[in-house]
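# Notes for the structure review
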Amino acid sequence: MAPSKPKGGHASLQGKKPVNTSKVKRSVTNNPGRIRNKLKRSEMYGKYLLEKKAQKRQSRIQREKEAEALGEEAPKRAAPRTLDNTRESEATAVRPDDEEILADEAEDEFAPYFSDEIRPKILVTTRPCPSAQLFHFISDLMRFIPQLYYYPRKSYSVKEICTFASNRKFTHLIVLSEKSKVCNGMLISHLRPSTAANGLGGPTAFFKVSNVIPSTDVPNNGSATSHVPELNLHGFTTRLGHRAGRFLGSLFPHNAQFQGRQVATFHNQRDFIFVRHHRYVFEEGRQMNKETGKKKTKARLQELGPRFTLKMRWLQEGTFDTQFGEYEWFHKRKEMDTTRRKFHL
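Here is what the cut-offs are and how they apply
- Residues numbered from 1 in each chain as written.
- Predicted model: local features only at pLDDT ≥ 70, side-chain atom pairs only at ≥ 80, totals over all residues.
- Heavy atoms only, no water.
- Core = buried A, V, L, I, M, F, W, Y, C linked by side-chain atoms within 4.5 Å.
- Buried < 20%, exposed > 50% of the residue type's maximum accessible area, 1.4 Å probe, protein only.
- Helix = DSSP H or I, 4+ residues; strand = E, 2+ residues; numbered from the N terminus.
- Contact = heavy atoms within 4.5 Å.
- Disulfide = S-S within 2.5 Å.

### What to know about the nonpolar core
Among the nonpolar cores identified, the biggest contains 37 residues, and Leu176, Met186, Leu310 and Met312 are the most heavily contacted of them. Ranked by the residues each element gives to this core, the list is headed by helix α4 (residues 132-144), at 5 residues. What Met186 contacts, discounting residues up to four positions off in sequence, is Phe137, Leu141, Ile174, Val175, Leu176, Ala205, Phe206, Phe207, Val209, Phe308 and Leu310. One finds Leu123, Ile161, Cys162 and Ala165 within the second-largest nonpolar core, a separate group that totals 12 residues.

### Considering the state of the cysteines
According to the stated counting rule, one finds 0 disulfides in the structure shown. Its sulfur unpaired, Cys129 is 16 Å from the next cysteine sulfur, which belongs to Cys183. Cys162 takes part in no disulfide bond, and the closest cysteine sulfur, belonging to Cys183, lies 18 Å away. With a relative accessible area of 7%, Cys162 lands in the buried category.

### Digging into unusual backbone geometry
For the peptide bond that leads from Gly202 to Pro203, omega is 5°, which places it in the cis range. Relative to the assigned elements, Pro203 resides in the loop between β4 (182-190) and β5 (204-213). Residue Pro306 is reached from Gly305 by a cis peptide bond, and omega for that bond is 0°. Along the chain, Pro306 falls in the loop between β9 (295-303) and β10 (307-316). Its identity as a non-glycine residue notwithstanding, Gln147 has a phi of 55°, on the positive side. Positionally, Gln147 belongs in the loop between α4 and β2 (148-150). On the basis of relative accessibility, which here comes to 41%, the residue Gln147 falls in the partly exposed class. Here Lys169, not a glycine, exhibits a phi torsion of approximately 65°, which is positive. Its place among the elements puts Lys169 in the loop between α5 (158-167) and β3 (172-179).

It is worth stressing that arrangement in space is one thing and function is another; only the former is reported here.
In structure tokens form, the structure reads like this:
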């Protein structure tokens, strides 16, 4: 007797999802981006990611078993490929012991600050009509950078403020801009005349500011003291990077008071300069040193804040002058950012 057909015909005609009666489970081997149906593509992409994750986990377990079986003869773990270690070679990259670079830096505009012959004195102001939120960021900067003085902007232009600050022996000027009550730009101008700049001031740089986190929002934050912090400039590997790093380093006095145990860090990674403020402390650990018989000493860090990120947009010779000033470097995104592995600092 022949089996009777279900009422209404096939299951798909009854508005039901068809069931895969085959026992073989098909694997998604290729990225399903070619599938035109959005819902099906999304479903298959989820399966593709799960299978990829499972294969990665299986290969990791297999490598661990092989390494455990081989013991000391096991091959070293391969370094993961990142944008940093696969970056394109830059023609202006310099070595730390390059004598030509060291000779240039010994005679540039920032050499008196790094040799502690001159202590920086900085004037900070804002855009016209700033919001109240910007003043919280200014108060954090005043605890972060020593010898930082705030003056209200009022209706003065930046060139007038440069003249005002130079007459009162300020060495740097910082102008903060904002959008939606959050700081989004920082203009820094070096005002002190120097022989390296033909008896004029400069340079002037503009940085885009992002990811601003005030001191009060930093997890487990501490309170900064009035001690002069130590300075840590890291990751500036090109000639332009050295210049930008020394420019930021000239904002700080170079007579660090080590009893304060505070560190100001400018860490360059992929042309983003991460700014951090920490306090370090040394304490005894639990593990014993077999050679000395004493407990090992370990270091802990406590972040003080603020926390923000800088990205340099342009560097100009002399003090601020957008009409007649000459640019040393200007970031042209469409021409310079042709690949993700190309970095300038």
